[in-house]
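# Structural overview for review
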Amino acid sequence: MPVFSLEPSQTAWCAELRELAAERLRPLAEKAEPGRVNRPLVAALGELGLTARMFDSGALDLCLMRESLAHTCTEAETALALQGLGAHPAAAFGTPDQRARVLPGVTAGRTVAAFALSEPDAGSDAAALSLTAAPGGDGTWHLTGEKRWISNAPEADFYTVFARTKEGAGARGVTAFLVPADRPGLTGEALEMLSPHPIGALTFDGVPVTRDDVLGEVHGGFRVAMHTLNLFRPSVGAFAVGMAQAALDATLAHTAARAAFGGVLKDLQTVSHQVAEMATRTEAARLLVYAAAAAHDAGAPDVRTRAAMAKLLATETAQYVVDAAVQLHGARALHRGHLLEHLYREVRAPRLYEGATEVQRAIIAKELYATRQEEPTP
């Protein structure tokens, strides 16, 4: 797979996705209530075959999908990504029975999935989870505790839940469970957040689970979480690149037409240089995302480092580009309903979720020093 350019078929597919997003998906997004699961939009993603393709392809394909959709309809991109994030653990680690329970509904757009990892006191430090799974005998557990900032909660149909099954074991004492939303003792509430997509809190009051609900191995849930995040982190970068490109495109159109000081904005060197910087940073982020995705698909040993680099650079770049675009547009960009007002609210969250910027830097540094220690001394 070429890292620095796409095949003509891939470029054509991305253009097709942007067209689908504009014609089929954005109208559904515009009719929805912010902060709620948009089930018609989720169903449309299934009907178009996009959800199924997400599970049948690799990281690069996922990145191309997320970037293309984000450029035109961030709501569609996010709905697709949340389906993947919530159901990927079942697809990758589930038994045949578990996959049959959830994947057909997810791929068809009938079933809404959610990835329940974060807690009030354990966001970026996934090994510090406190949601407990108390053994009940005969291979059963009861989940007690809280999850917070969970996308699609409390409206999802099932949750991939990470709980502590062994005290004092850190990452080695976490187990992943596949938990239907209708289990007794499971309740939730929506949270009002800056980002317009659905986010909520979940309360587990002795929620029963069995070995049939375990994804992967008992005490092996941290591996399930990291495997999922290593796949989705580069594609978070792709989401960010799509937003940056949309902001850049809007800025090019605006500065080429906006009259100012006897000419148009693009004639001012400070403006044209700013646009050049925005474009250069966006392309650099895009290439790093593609490289990380290609490394994932090739099974490269440094996937964790590349995924962290891609998410770090792309999300920070998108924040810079969108902010610069707002500055060049002026007050009109802050009007409710303006594309950049929408992107300004959307672009902040990716710097936090699936590992904050600071966590990505920590991952990169740790992996670099570990690699250095493994190298023979000259």
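The residue numbering used here restarts from 1 in each chain and proceeds along that chain's sequence as written. Reporting of local features is limited, given that this is a predicted model, to residues whose pLDDT is at least 70; pairs of side-chain atoms are given and counted only at 80 or more, and all residues count toward the totals for whole chains, interfaces and linings. Computation of side-chain values: all heavy atoms of the structure, hydrogens and water removed.

This paragraph deals with the state of the cysteines. By convention in this document, the label disulfide applies to cysteine sulfur atom pairs within 2.5 Å. All told, the structure shown has zero disulfides when counted by the stated rule. Free of any disulfide, Cys14 has its nearest neighbouring cysteine sulfur in Cys63, separated by 11 Å. According to the relative accessible area criterion, Cys14 is buried, its value standing at 6%. Burial status follows relative accessibility: with a 1.4 Å probe on protein chains alone, a residue under 20% of its type maximum counts as buried, one over 50% as exposed, and anything between as partly exposed. For Cys63, a relative accessible area of 0% corresponds to the buried category.

Let's shift gears to the packing of helix α4 (residues 59–72) against helix α5 (residues 74–93). Interhelical geometry of α4 versus α5 gives an angle of 145° and a closest axis separation of 6 Å. Together, Met65, Arg66, Leu69, Ala70 and Thr72 of α4 and Thr74, Ala76, Glu77, Leu80 and Ala81 of α5 make up the contact between the two elements. Three classes are used: nonpolar for Ala, Val, Leu, Ile, Met, Phe, Trp, Tyr, Cys and Pro, charged for Asp, Glu, Lys and Arg, and polar for all others, with Gly counted as polar. Residue composition of the contact of α4 with α5, by class: six nonpolar, two polar and two charged. With axes taken as lines fitted to C-alpha atoms, and helix axes fitted only over the stretch in contact, angles between N-to-C directions fall between 0 and 180 degrees. Helix numbers and strand numbers start at the N terminus; a helix is a DSSP run of H or I with at least 4 residues, a strand a run of E with at least 2. We call two residues contacting when some pair of their heavy atoms lies within 4.5 Å.

Each aromatic pair joins two rings of Phe, Tyr and Trp (for Trp, the six-membered one) with centres within 6.5 Å, and gets the label stacked for planes under 30 degrees apart, edge-to-face for over 60, and tilted for any other angle. Per the counting criterion, the structure on display carries two aromatic pairs. Aromatic side chains Trp141 and Phe177 sit 5.4 Å apart centroid to centroid with 65° between the ring planes, which places their arrangement in the edge-to-face category. You can see Trp141 sitting in strand β3 (residues 140–151) and its partner Phe177 sitting in strand β5 (residues 174–180), a full 36 residues away along the chain. In terms of burial, Trp141 and Phe177 fall into one category: buried. Above the ring of Trp13, the side-chain terminus of Arg53 is found at 3.6 Å from the ring centroid. When the NZ atom of lysine or the CZ atom of arginine is within 6 Å of a ring's centre and also within 35 degrees of its normal, the charge is said to sit over that ring. In this arrangement the basic side chain of Arg148 is found over the ring face of Trp149, its NZ or CZ atom lying 5.8 Å from the centre.

Following the sequence through the fold, Thr317 ends up in helix α9 (residues 303–329). Looking at Thr317, the relative accessible area reads 6%, which means it is buried. Within the local environment of Thr317, its side chain forms a polar contact with the backbone oxygen of Leu313, the two atoms lying 2.7 Å apart. Leave out the neighbours within four places in its chain, and Thr317 touches Arg281, Thr282 and Ala285. Any pair of N or O atoms that falls within 3.5 Å is considered a polar contact. Within protein, one atom must be able to donate a hydrogen and the other to accept it, and sequence-neighbouring residues count only if both atoms are side-chain atoms.

Bringing the nonpolar core into the picture now. Side chains of nonpolar character tend, in soluble globular proteins, to be buried together. Among buried residues, those of type Ala, Val, Leu, Ile, Met, Phe, Trp, Tyr and Cys that are joined through side-chain atoms within 4.5 Å constitute a nonpolar core. By size, the foremost hydrophobic cluster in this structure holds 80 residues, and its most contacted members are Leu25, Phe162 and Val289. Top contributing element to this core by residue count: helix α7 (residues 221–257), with 15 residues. Membership of the second largest hydrophobic core comes to 22 residues, among which are Ala116, Ile150, Ala156 and Val209.

What counts as a salt bridge is simple: a side-chain nitrogen of Lys or Arg found within 4 Å of a carboxyl oxygen of Asp or Glu. Per the counting criterion, the structure on display carries 18 salt bridges. Put simply, Asp61 and Arg53 hold a salt bridge, and the shortest N to O gap is 2.9 Å. Note on Asp61: relative accessible area 15%, which makes it buried. The class of Arg53 is partly exposed, set by a relative accessible area of 34%. Here the residues in one salt-bridge network are Glu33, Arg36 and Glu155, joined through shared partners.

In this section: α7. One less than the residue count of a helix, multiplied by 1.5 Å, gives the span that helix is expected to have. In a regular helix each residue adds 1.5 Å, so 37 residues correspond to 54 Å; α7 covers 54 Å between its end C-alpha atoms and thus fits that length. To obtain the bend at a residue, axes are fitted to the seven residues ending there and to the seven starting there, and the angle between these axes is taken. Maximal helix bending in α7 amounts to about 30°, located at Phe232; proline Pro234 follows within four positions. Within α7, 29 of the 37 residues are buried, leaving the element largely enclosed by the surrounding structure.

Right, let's talk about the environment of Met65 for a bit. Structurally, the position occupied by Met65 is in helix α4. Along the sequence, Met65 and Leu287 sit 222 residues apart, while their C-alpha atoms lie 15 Å from each other. Residue contacts for Met65: discarding those within four places in its chain leaves Trp13, Leu17, Leu50, Arg53, Met54 and Leu80.

Just geometry here; none of it tells us what the structure is for.
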